[in-house]
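Structural characterization, general
The residues making up each chain are set out below.
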Amino acid sequence: EYVGVLQDESYLKSREFLYPQRFDTGHADASYDEKEVYMHSQHKYIMHLEPGLYLDARYKGNEMRFANHSCAPNCKMDRWKVKSKTRVGLYAIQDIKEGDELCFDYAWKSVAKKEYLTKCYCGSPNCRGSLEVGVRESSDDNENG
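Along each chain, the written sequence defines residue order, and numbers are assigned to residues from 1. Only residues with pLDDT of at least 70 get local features here, since the model is predicted, and only at 80 or more are side-chain atom pairs given and counted; chain-wide, interface and lining totals rely on the full set of residues. The basis for every side-chain value is the complete set of heavy atoms in the structure, and neither hydrogens nor water enter the calculation.

1. Quick notes on the overall build of the protein chain
The condition that has to hold: Secondary structure elements follow DSSP: runs of H or I of four or more residues count as helices, runs of E of two or more count as strands, with numbering from the N terminus. Contact criterion: two residues are considered in contact whenever any of their non-hydrogen atoms come within 4.5 Å of each other. Accessibility throughout is a Shrake-Rupley quantity obtained with a 1.4 Å probe, and a residue counts as covered only by protein chains that appear here.
Scanning the protein chain from terminus to terminus reveals five helices and nine strands. Each helix and strand of the protein chain, ordered N terminal to C terminal, gives the series β-α-α-α-α-β-β-β-β-β-β-β-β-α. In the protein chain, the share of contacts with a sequence separation of at least 24, taken over all contacts with a separation of at least 6, comes to 54%. Summed over all atoms, the accessible surface of the protein chain reaches about 10100 Å², with 50% contributed by carbon and sulfur.

Written as structure tokens, this is what we have:
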């Protein structure tokens, strides 16, 4: 099970989400650039569950938050309700050998242009090149072809 704290849309705009270092360390130095620290952090454990609902595993997560992306995944995430609470689990979609990494397709929905995508490093033969799906053509691509 992917464990975290359920959050709504307002959380993504909150100081706690945007500036986690202040909440992680209690750092109060005015010269400390919190936004800069967050923007360069490579560890963001938030999953979009449905419109306006997110699961943030940064503080109260378990090992599932470390499951990586692959364009050729061996698992999938699935949601269900238990006593009206949303739960998320990672399920195998093929046989997995001992020692193989568990991975799933993040399939981030994108409204960004190609030049703003998150590069994928999965190395699978069918790698799409980014973590996002449904990518718009960039303005340069439209002009050249």
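2. Thoughts on the state of the cysteines
Convention followed: Disulfide assignment relies on a single distance test, namely cysteine sulfur atoms paired within 2.5 Å. Only protein chains enter the accessibility calculation, which uses a 1.4 Å probe; a residue is then buried when its area is under 20% of its type maximum, exposed when over 50%, and partly exposed in between.
By the definition in use, this model includes zero disulfides. Of all cysteine sulfurs in the structure, the one in C75 sits closest to C103, which takes part in no disulfide; the separation is 6.5 Å. Of the residues examined, C103 reaches a relative accessible area of 10% and is grouped as buried. Of all cysteine sulfurs, the one in C122 lies closest to C120, which takes part in no disulfide; the gap is 3.5 Å.

3. Section: unusual backbone geometry
Even without a glycine there, the phi angle at K83 is positive, about 50°. Since its relative accessible area comes to 79%, K83 is described here as exposed. With a phi angle near 45°, A107 is a residue other than glycine that sits in the positive phi range. As for its position among the elements, A107 is in the loop between β7 (103-104) and β8 (108-109). Accessibility expressed as a relative area gives 25% for A107, which makes it partly exposed.

4. A few points about the nonpolar core
Defined as follows: Note on terminology: a nonpolar core comprises buried Ala, Val, Leu, Ile, Met, Phe, Trp, Tyr and Cys residues joined through side-chain atoms within 4.5 Å.
Formed by 13 residues in total, the largest nonpolar core has its most connected members in Y2, M47, L49, L55, V88 and L90. At the level of secondary structure, the elements contributing two or more residues to this core comprise β2 (46-50), β3 (53-56) and β6 (85-92). When neighbours within four sequence positions are excluded, L55 is seen to be in contact with Y2, G4, V5, L6, Y45, I46, M47, L49 and V88.

5. As for the packing of aromatic side chains
The criterion, for reference: Only Phe, Tyr and Trp rings take part, Trp by its six-membered ring, and two of them pair if their centres are within 6.5 Å. Stacked means planes under 30 degrees apart, edge-to-face means over 60, and tilted covers everything else. Charge-over-ring placement is defined geometrically: NZ (Lys) or CZ (Arg) within 6 Å of the ring centre, and within 35 degrees of the ring normal.
Using the criterion set out here, one finds three aromatic pairs in the structure. Following the ring pairs from residue to residue traces out a cluster consisting of F104, Y106 and W108. We note K119 situated over the ring of Y121; from NZ or CZ to the ring centre the distance is 5.4 Å.

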